[in-house]
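Below are the chains, spelled out letter by letter.
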Amino acid sequence: MSSTSTLAGARTAPEPALPAARRHGRRRGGPNTPRLLWLTVPSLVWFGVFSVGPLMAMFVIATLRWKGLIYDPTFVGTDNIRHVFGDPVFHDALRNSAVQVAVVIPVMIPLAFMLGYHLSTKPRGYRLLSVLYFSPGLISISITGMIFYGVLSPNGGTNGLLQAAGLDSLAHSWLADPATALPSLIAIDLWRGIGWTAVLFASRLAAVPGDVIEAARIDGAGRLRIMWQIAYPMVKDYLRTLTMLQFLWTLFTSAALILLLTKGGPGTSSTTLSYLVYEKAFSQSDLGYSQVVGVVLLLAGVAGMLLIRALLRSPEEKI
């Protein structure tokens, strides 16, 4: 009798109620519900208005003859493209941008990596070195222009040092000479970027396991071997990212420094694609021309990033 009543009670015992969160989760589909997905709408609207919108507008304006907002635009189709690609100034700007990137990136990234590795070993005074390396990146572009206008002017610091060393024949107007205007701008880019990038490398290299480095030292590996055969492969993905960022920074932001120091001259010796976009849009009021150059600049940026990604792929990614 007792066992029968126990079995009956077991049969009739109600199932324990599921927690409310689980019951609601089953009905609503968990975190991927339409109600939660609506929370992404503000960010998507922001991205569409301020990123996709201007990008599409650039392609549209490239088909117009338009002097500015107070003028009526005229549709000209591909006339702007033919005008740009037939303009010798555009070819000079394209060449100068290619030279600038081809010099800055291969010089800056290896030097910055080596300086960053040196900082990551925490030598004596490494905190002061970090501040000194990072300082050029904190100086505004206008102040940088003023500093190097004084350094590179005919009576500036560079010529003064050359004259004091008895090298008067080497002193000349660095920014006014077509042979040295672009190299001077490239040197300023390196001065601004190497130290800043080195500090970023040092912060990443600080996360490399110390026991790996110590084991390499015990095995007799020297500093250069540890740096390039141990540390470099472990931070290669980060190096690729910084290389892409510096490539885009060099390609897209050269206009401000050129405007302050050379205004694209002498002639077109220091005109880059970035500066040509500014010059045509704001000085010559030719928005269609400037946006065609902007499209070329965009395509060059995408192609350069794909090339960097292909060159700096890890062995696992290649497989």
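Quick notes on the rules
- Residues numbered from 1 in each chain as written.
- Predicted model: local features only at pLDDT ≥ 70, side-chain atom pairs only at ≥ 80, totals over all residues.
- Heavy atoms only, no water.
- Core = buried A, V, L, I, M, F, W, Y, C linked by side-chain atoms within 4.5 Å.
- Buried < 20%, exposed > 50% of the residue type's maximum accessible area, 1.4 Å probe, protein only.
- Helix = DSSP H or I, 4+ residues; strand = E, 2+ residues; numbered from the N terminus.
- Contact = heavy atoms within 4.5 Å.
- Axes fitted to C-alpha atoms, helices over the stretch in contact; angles between N-to-C directions.
- Left-handed = near helix turned anticlockwise from the far one by under 90°.
- Nonpolar A, V, L, I, M, F, W, Y, C, P; charged D, E, K, R; others polar.
- pLDDT = per-residue confidence, 0-100.
- Expected span 1.5 Å × (residues − 1).
- Bend = angle between axes of the 7 residues up to and from the residue.
- Patch = residues over 30% accessible without salt bridge, like charges linked within 9 Å, V, L, I, M, F, W, Y side chains within 5 Å.
- Areas by Shrake-Rupley, 256 points an atom, 1.4 Å probe, with all protein chains shown as cover.
- Salt bridge = Lys/Arg side-chain N within 4 Å of Asp/Glu carboxyl O.

## Describing the nonpolar core
Phe 90, Phe 113, Phe 201, Leu 205, Leu 239, Leu 273 and Val 293 are the most contacted members of the largest nonpolar core, which totals 43 residues. Going through the elements one at a time, α6 (88-120), α10 (181-205), α11 (210-218), α12 (223-234), α13 (236-252), α15 (273-283) and α16 (287-311) are the ones with two or more residues in this core. Broken down by element, this core gets its largest block of residues, 10 residues, from α6. Apart from the residues lying within four places of it in its own chain, the contact partners of Val 293 are Val 84, Phe 90, Leu 273, Leu 276 and Val 277. Counting 13 residues, the second largest nonpolar core, distinct from the first, contains Leu 162, Ala 171, Ile 258 and Leu 261.

## Examining the packing of α6 against α13
One can describe the packing of α6 onto α13 by two numbers: an axis separation of 10 Å at closest approach and a directional angle of 145 degrees. As for the relative orientation of α6 and α13, their crossing is right-handed in sense. Seen from α6, the contacting residues are Ser 97, Gln 100, Val 101, Val 104, Ile 105, Met 108, Ile 109 and Phe 113; seen from α13, they are Leu 239, Leu 242, Thr 243, Gln 246, Phe 247, Thr 250 and Leu 251. Tallied by class, residues from the contact of α6 with α13 come to 10 nonpolar, 5 polar and no charged.

## Brief notes about the confidence of the model for the protein
Averaged over the protein, the pLDDT score is 86; the fraction of residues at 70 or greater is 88%. The lowest-confidence element of the protein is helix α1 (residues 2-12), averaging 45 in pLDDT; the highest-confidence one is α6, averaging 95. With pLDDT under 50 throughout, residues 1-13 is counted as low confidence; its partners more than four residues away or in other chains account for 0 contacts.

## Comments concerning unusual backbone geometry
Omega for the bond connecting Gly 265 with Pro 266 falls within 30 degrees of zero, at -5 degrees, which places this linkage in the cis form. You can see Pro 266 is positioned in the loop between α14 (255-261) and α15. One non-glycine residue, Lys 122, lies in the positive phi region at around 55 degrees. Position of Lys 122 among the secondary structure elements: in the loop between α6 and α7 (126-138). Positive phi, close to 55 degrees, is recorded for Lys 263, a residue that is not glycine. Inspection of the secondary structure assignment puts Lys 263 in the loop between α14 and α15. Look at Lys 263 and you get exposed, because its relative accessible area is 55%.

## Quick word on helix α4 (residues 41-61)
Over its 21 residues, α4 runs 28 Å from end to end, which matches the ideal 30 Å to within 8%, given 1.5 Å per residue. Maximum bend of α4: about 35 degrees, positioned at Gly 48.

## Topic: a nonpolar patch on the surface
On the surface, Val 99, Val 103, Val 107, Leu 111, Met 114, Leu 224 and Trp 228 cluster together into a nonpolar patch covering about 530 Å² of accessible area. Along the chain, the position of Val 107 falls in helix α6.

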